[in-house]
Structure formats: structure tokens, C-alpha cells
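Structural characterization, general
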Amino acid sequence: LLDVVTEADLAAEKILLEGLRALTPGAAILSEEHGASEGSTGARWIIDPLDGTVNYASGLPWFSATIAYQEEGRTLLGLTHAPRMDLYARFVLGEAPTVNDKKANPSPIASLADAVISVVLTAHFTEAEVKRAAQIVERLGRRCRGVRIVVSGALEMSLVACGRLAGFVGIKADVVSHAAATPLVRAAGGRVTRLDGRDSDDADFEKIATNRLIHDELLACLKGV
């Protein structure tokens, strides 16, 4: 396998699991490495203790820890912390979303030609998924200002929420990496859909997140991929 799990993944997960169990003993927990544990209250935590493990292991700064809290399937809290990027994103239902304690405002860019878009392409993709991601990169490379491959979904979606990226395209977005950041983008005024334009939920692998202004143009560019 080309993907890795580091001691940091396991250590961070252990700290989070112990803390959350003490804080909410009846809540279920879904974690990247540990899997799912059952709860008795109908509430659950969704955590990725190190989203962007390959980046971390390679000495690159593009990784984050992300935590979401849900009740009855509704996300009430979402936190993403990227320590090497000095980024802390916070979503609380009913409050203004923030990145680094400032209200999150997506980019005002209204044209794909002026947009910088991040695309996920990673080691655990199948051959067909690699080809699909490469096709996305090829199409965007002809239409937008820049394409970036970062591979830390919660971080990238947080960057969309605060306007540093205009869009993010993930075709295999797992719930643990995106549960906290999806409502953050929406609360900030952006959109998160599948490639067919329907709102993306936790069960969907496709996450197309944008500042809203370029969303329809981006979907049109990627139609049929």
C-alpha cells in the first residue's frame, strides 16, 4: 500500500477518543483509524485525527485534525485545525462560521478563468479513479487560473470557506475528513454538491465545494467526467 498511518495518527486519535468519551460518554464515535463505536444517546462524533497523513509524513504543512459533532444526523459543531498552516476553522450551528476567529467569507471571484481550484488525487485511488481525477485536472487546467493538489480535504474546504481557494473537487471524499468542513462552507455562503448538482451529504463520496459564484460553471466544465 502506498498510503501510510503514522504514530502521530494513532497518538492524536487516542487523545481525541479519550477526551470525547469523557466529555460525552453516551455518544457514538466514528474515527479514521479506530472505526465506529456505538453510543446510547443518538449523538456521534466524527473525527479524523490527521487528515493529510502523507503530507505530514513527508514534512509538508498541508494536514489537519478535524472533528464534527452530530445529533440526529445534523451537524451542530465542526472544527478543523491545521497547525502548520496557522488555520483554525470553526462551525457552530446558528452562529457565524469563522476561520482564525474572523467571519468566513468565500472568494468574490465570479469566473472560473480567475479561480484557483484544488483537486484530490491520492494513493488509495483505483486505476479508474486516477484516470477520472486526471481528466478533471486536464479540464480545469484549460479553464481556470490554477489547479492545486493538496489532499487534506477538511483544510481545503476551510480554505474555500475563507476565500483562499475558489473551489475544491473531491471524488472520493470520506465522511471523517469532510463532516466538519461541509457545513462550514455552506454557512459561509458557499455550495457543496455532487457532480450532478445535488447537495452532497455525509454518505456521498463526491464533494464539489465552491464560493457559490463559480459553482454552476465548474459543474458544467466537469460534466460527464
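Below or above, wherever it landed, is the structure these notes cover. Computed from a predicted structure; not experimentally measured. (Residues numbered from 1 in each chain as written. Predicted model: local features only at pLDDT ≥ 70, side-chain atom pairs only at ≥ 80, totals over all residues. Heavy atoms only, no water.)

Brief notes about the sheet that holds strand β8 (residues 102-103)
So the rule is basically this: Pairing between strands is defined by DSSP: at least two bridges between the two strands are required. The secondary structure listing takes helices from DSSP runs of H or I that are at least 4 residues long and strands from runs of E that are at least 2 residues long, numbered from the N terminus. What makes two residues a contact is simply this: any of their non-hydrogen atoms within 4.5 Å. Here the axes come from fitting lines to C-alpha atoms, over the contacting stretch only for helices, and the angles between their N-to-C directions go from 0 to 180 degrees.
With respect to topology, eight strands assemble into an open sheet ordered β2-β1-β3-β4-β5-β6-β7-β8, the strand pairing being mixed. Sheet topology places β2 (35-37) and β8 at the edges, where each strand pairs with a single neighbour. With six bridges joining them, strand β5 (residues 74-82) and strand β6 (residues 87-92) adopt antiparallel strand pairing. By the bridge assignment, T80 is partnered in β6 with A89. This element, helix α1 (residues 7-23), spans β1 (28-31), β2, β3 (43-51) and β4 (64-71) of the sheet and lies at about 160° to β3. Against the sheet, helix α6 (residues 181-188) touches β5, β6 and β7 (98-99), its axis set at about 80° to β6.

Topic: unusual backbone geometry
The phi dihedral of N100 falls on the positive side, at around 55°, and the residue is not glycine. Here N100 is to be found in the loop between β7 and β8. Even without glycine at this site, D101 takes up a positive phi of about 65°. Position of D101 among the secondary structure elements: in the loop between β7 and β8.

Looking at the packing of aromatic side chains
In this description, an aromatic ring pair is defined by two values, namely the gap between the centres and the angle between the planes. For clarity, the threshold we go by: Only rings of Phe, Tyr and Trp enter the pairing, Trp through its six-membered ring, and a pair is recorded when the two centres are within 6.5 Å. The plane angle decides the type: under 30 degrees is stacked, over 60 is edge-to-face, the rest tilted. Only protein chains enter the accessibility calculation, which uses a 1.4 Å probe; a residue whose area is less than 20% of its type maximum is buried, one above 50% is exposed, and one in between is partly exposed.
A complete count under the given rule lists two aromatic pairs for this structure. Ring geometry for W45 against Y69: centres 4.7 Å apart, planes inclined by 50°, an arrangement best described as tilted. Remark: Y69 occurs in strand β4 and W45 occurs in strand β3; sequence separation between them is 24 residues. Both residues of the pair, W45 and Y69, count as buried. A ring pair is formed by Y56 and F63, whose centres lie 5.1 Å apart and whose planes are at 85°; its orientation type is edge-to-face. The class of Y56 is partly exposed, set by a relative accessible area of 33%.

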